[in-house]
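# Remarks on the overall topology
These are the residues of each chain, in order.
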Amino acid sequence: MDDRYDVAQIMGALYGPGITGLKGAFPPEWADRMAADIWTIWEEVKDVPGGALPRGPQRWYVEVHPERVSGFVDIVTHPWFVAVCEAVLGPDYRIVEVGFDIPFPGAADQPWHRDFAVPEATARGRRLNSLAFNLTAVDTRPEHGPFEIAPGTQWDQFEGCAKGMFPPRELWPRYVERAEQKLPQRGDMSVRSALTVHRGTANRSNEPRPVLVVGVDATDATNAQHHDLQVTSGYLHALPPRVREHLTYRVVERLEPIVQHHTIAGLLEPAY
C-alpha cells in the first residue's frame, strides 16, 4: 500500500458516501489522448450491431479492448488506483471491464438506478466487492448533463423491481434530496461503488461528454462473466507483470468485436 494514501480515508469514503476522487491524477493532455482513442473507437463501432448499447436517448455505452486505450496502463498502475483497489477489494483484485459512456446533446435524465444487482457480499456481509473508476474526456460543465449520485445509498435495499437495480418511484425523493452532481475536469480520476444509486442527467449543451470506465472486482465477485476483456499475446507479454497479474483476459490472435452482454433495459424507460 502506498503510504501517500490513507486506507481509513479510502474505506470511509467508499463505505460512507460511496464515491471519492483524485484531482489531477493525470495532465489534461493525457486526457486529450484518451479522448482521441475514444472517438476513434466510436467511429468504428457506432453502426455495428451490439457495438454500442443504448443507455437512454442519445446515450451509449461501448466496451473496449484495453490495448486500444493508450493510457490504460497509466490508469491501472497509478498509485492511487492501486491503493484504492487493495484497500477495498484486497491484494488479489481483478480488472474486469474497460469501456466508455457517451451522453450526446439531447441525452435525457436517466431513471435513478444502480448498475447491477446487489451481491450477497453486500446485502448480507455489508462488504463492497466491486468498484468502478471513471475518467472524463472533457472539462465537465453543468450543461453537459453531469453524473449525479445519491451518497450513502449503496446500502439501500428495495423491492418491486428486477434485481433491486431501480428504486420504486416513491423512493425517488430520497435520492433527489441527497443528489450531488459531479463536475470532473480532464485528468481527474474518481471511483465509486456501482451500487450507489445514481443517474446521468440531461445534456443540454452542444457537446458530447465521454467518460472512460474501468471496472474492478474482488476475488469473489462475478462481474467478469458479463464482459469480454481480450488481449493479443504480444500486448499481454508487453504488459508490466503487476498489470498482467490483476487482469482478467482472453488471449486472441487478433482483437475480435466485443459482443456486449450487460444490457440495462430499465435505462430505456423515461425518467418522468
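As a reminder, the structure under discussion sits directly above these lines.
Nothing here was measured: the structure is a model prediction, and the numbers come from that model.

## Here we look at the overall build of the protein
Helices and strands together make up the secondary structure of the protein, namely eight helices and twelve strands. The C-alpha radius of gyration computed for the protein amounts to 18 Å, which stays within 12% of the reference 19 Å derived for 272 residues, consistent with globular compactness. For the C-alpha atoms alone, the extent of the protein along its principal axes is close to 50 × 40 × 35 Å. Sequence-distant contacts in the protein: of pairs separated by 6 or more residues, those separated by 24 or more amount to 86%. Total accessible area on the protein is roughly 12300 Å²; 52% of this is exposed by carbon and sulfur atoms.

## Observations concerning the nonpolar core
Judged by nonpolar contacts, the single largest core of 55 residues is most densely connected at Ile75, Phe81 and Phe133. The dominant element in this core, judged by the number of residues it contributes, is helix α4 (residues 79-89), at nine residues. Core analysis: the second largest hydrophobic core is formed by six residues, Phe158, Trp172, Tyr175 and Val197 among them.

## Digging into the pattern of salt bridges
Applying the stated rule across the entire model yields 15 salt bridges. Between arginine 250 and aspartate 228 there is a salt bridge, with the nearest N and O atoms lying 3.0 Å from each other. Residue arginine 250 is located in strand β12 (residues 250-252), and its partner aspartate 228 is located in the loop between β10 (211-217) and β11 (230-232); the two are separated by 22 residues in the primary sequence. Because the salt bridges share partners, they merge into one network encompassing Asp32, Asp139 and Arg186.

## So, the packing of aromatic side chains
Between two aromatic rings, the relevant description is the distance of the centres plus the angle of the planes. Considering all chains together, one arrives at eight aromatic pairs under this definition. Ring geometry for tryptophan 42 versus phenylalanine 104: centroids 5.3 Å apart, planes at 40 degrees, classification tilted. Of this pair, tryptophan 42 sits in helix α2 (residues 28-45) while phenylalanine 104 sits in the loop between β4 (94-103) and α5 (120-123), and the two are 62 residues apart along the sequence. Assessed through its relative accessible area of 8%, tryptophan 42 is described here as buried. Here the aromatic rings of phenylalanine 81 and phenylalanine 133 are separated by 4.3 Å at their centres, their planes lie at 35 degrees, and the arrangement is tilted. With a gap of 52 residues between them, phenylalanine 81 in helix α4 and phenylalanine 133 in strand β5 (residues 130-136) connect regions that are remote in the sequence.

What counts as what
Residues numbered from 1 in each chain as written. Predicted model: local features only at pLDDT ≥ 70, side-chain atom pairs only at ≥ 80, totals over all residues. Heavy atoms only, no water. Helix = DSSP H or I, 4+ residues; strand = E, 2+ residues; numbered from the N terminus. Rg over C-alpha atoms; globule rule 2.2 N^0.38 Å. Contact = heavy atoms within 4.5 Å. Areas by Shrake-Rupley, 256 points an atom, 1.4 Å probe, with all protein chains shown as cover. Core = buried A, V, L, I, M, F, W, Y, C linked by side-chain atoms within 4.5 Å. Buried < 20%, exposed > 50% of the residue type's maximum accessible area, 1.4 Å probe, protein only. Salt bridge = Lys/Arg side-chain N within 4 Å of Asp/Glu carboxyl O. Phe/Tyr/Trp six-rings, centres within 6.5 Å; stacked < 30°, edge-to-face > 60°.

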